[in-house]
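# An overview of the molecular structure
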Amino acid sequence: MFRGFATISFYADDVSAAADWYAELFGAKPYYAFPPAPAAPAYIEFRVGDDEDELGLIDRRYAPPAAATTPGGAVMHWHVDDLEATVARLLELGATEYQPITHHGSGEGFATASVVDPFGNVLGVMNNPHYREMLAARKGAA
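What comes next is a walk through the structure. Residue indices follow the written sequence of each chain, beginning from 1 at its first position. A pLDDT threshold of at least 70 governs which residues receive local features in this predicted model, and a stricter bar of 80 or more applies before side-chain atom pairs are shown or counted, although totals over entire chains, interfaces and linings include all residues. As a rule here, side-chain values come from all non-hydrogen atoms in the structure, and water together with hydrogens is ignored.

It is worth spelling out the sheet that holds strand β4 (residues 53-59) at this point. As summarised here, the arrangement of the four strands in space is β1-β4-β3-β2, forming an open sheet in which the pairing is mixed. Bordering the open sheet on either side are β1 (7-12) and β2 (32-34), each of which pairs with just one other strand. Averaged over all adjacent pairs, the angle separating strand axes in this sheet is 20 degrees, with direction ignored. In this fold helix α1 (residues 15-26) packs onto β1, β3 (43-48) and β4, with an angle of close to 155 degrees to the strand it touches most, β4. We call two strands paired when DSSP finds no fewer than two bridges between them. A run of DSSP states H or I qualifies as a helix once it reaches four residues; a run of E qualifies as a strand once it reaches two. Both are numbered from the N-terminal end. Axis definition: a line fit to C-alpha positions, over the contact stretch in the case of helices; interaxial angles, taken between N-to-C directions, run 0 to 180 degrees. Should any heavy atoms of two residues lie within 4.5 Å, those residues are considered in contact.

Next comes the structure, spelled out in structure tokens:
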């Protein structure tokens, strides 16, 4: 049985530089690194968002061969409150456009975009009214 999103793994040649970039983006430091400092990290983890979803940054030496050379594959979209501002911030931090802001449906408020981070990973962001509805329902049930 699927229980929920556990970890999304991104690869980088320079894990420390990737950790610094994502710390700037998230406004939070990673909570775990292996091996521990002062050794250069091969793996770093962040907890992000309402459910504290996990982003793992892994030294590209450990990437599957196809992931080692080009961005692609499935795109994981993170809900953001202000899609336009988030995309602008990502581009300001050095990401490049992968998919421009794209509105889906007929005025239901669904919109997605994705960028390639400076380390070659595809990062998707979206505005999703259903995410907000589910979050509000969970908070109301608590």
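This is not the end of the story, as more comes after the structure.
Before going further, it helps to examine unusual backbone geometry. The peptide bond linking F34 to P35 adopts the cis configuration, its omega dihedral lying at -10 degrees. Of note, P35 is situated in the loop between β2 and β3. Following A37, the chain continues into P38 via a peptide bond in cis, with omega recorded as 15 degrees. Structurally, P38 is set in the loop between β2 and β3. In this structure, E52 takes a positive phi of about 50 degrees despite not being glycine. Along the chain, E52 falls in the loop between β3 and β4. On the accessibility criterion, E52 (49% relative accessible area) is partly exposed. Relative accessible area decides the class of each residue, using a 1.4 Å probe on protein chains only: under 20% of the type maximum gives buried, over 50% gives exposed, and in between gives partly exposed.

All right, on to the layout of surface pockets then. Space inside the largest pocket adds up to approximately 570 Å³. G49, W78, H79, V80 and Y131 are, among the 23 residues lining the largest pocket, the residues nearest its centre. Put simply, the parts of the chain that give the lining of the largest pocket at least two residues each are α1, β5 (77-79), α2 (83-92), β8 (122-127) and α3 (129-141). As defined here, a cavity is a set of points on a 1 Å grid over the protein atoms alone where a 1.4 Å probe fits but cannot get out. A pocket is an open set with protein on both sides within 12 Å along at least five of seven lines, and residues line them when an atom is within 4 Å of a point. Grid points are joined across faces, edges and corners, and a volume is the space filled by probe spheres set on the points.

Attention now goes to the side chain of N121. Mapped onto the elements, N121 comes out in the loop between β7 (110-116) and β8. On the basis of relative accessible area, N121 is assigned to the buried category, the value being 8%. Leaving out residues up to four positions away in the same chain, N121 has contacts with F10, Y11, V115 and V116.

A few words on a nonpolar patch on the surface. Residues enter patches when they are more than 30% accessible in relative terms and free of salt bridges; like-charged ones are connected within 9 Å and nonpolar ones (Val, Leu, Ile, Met, Phe, Trp, Tyr) within 5 Å. Values of accessible area rely on a 1.4 Å probe in the Shrake-Rupley scheme; residue burial ignores everything except the protein chains shown. The term salt bridge refers to a pairing of a side-chain nitrogen on Lys or Arg with a carboxyl oxygen on Asp or Glu at a separation within 4 Å. A contiguous nonpolar surface patch, about 330 Å² in accessible area, is contributed by Y31, Y32 and F34. Along the polypeptide, Y32 turns up in strand β2.

Pairing within the open sheet is mixed, and its four strands lie in the order β5-β8-β7-β6. Bordering the open sheet on either side are β5 and β6 (96-104), each of which pairs with just one other strand. Neighbour-to-neighbour, the strand axes of this sheet turn through a mean angle of 20 degrees, independent of strand direction. The pairing of β7 with β8 spans six bridges and is antiparallel. Pairing of V116 across the sheet is with V122, part of β8.

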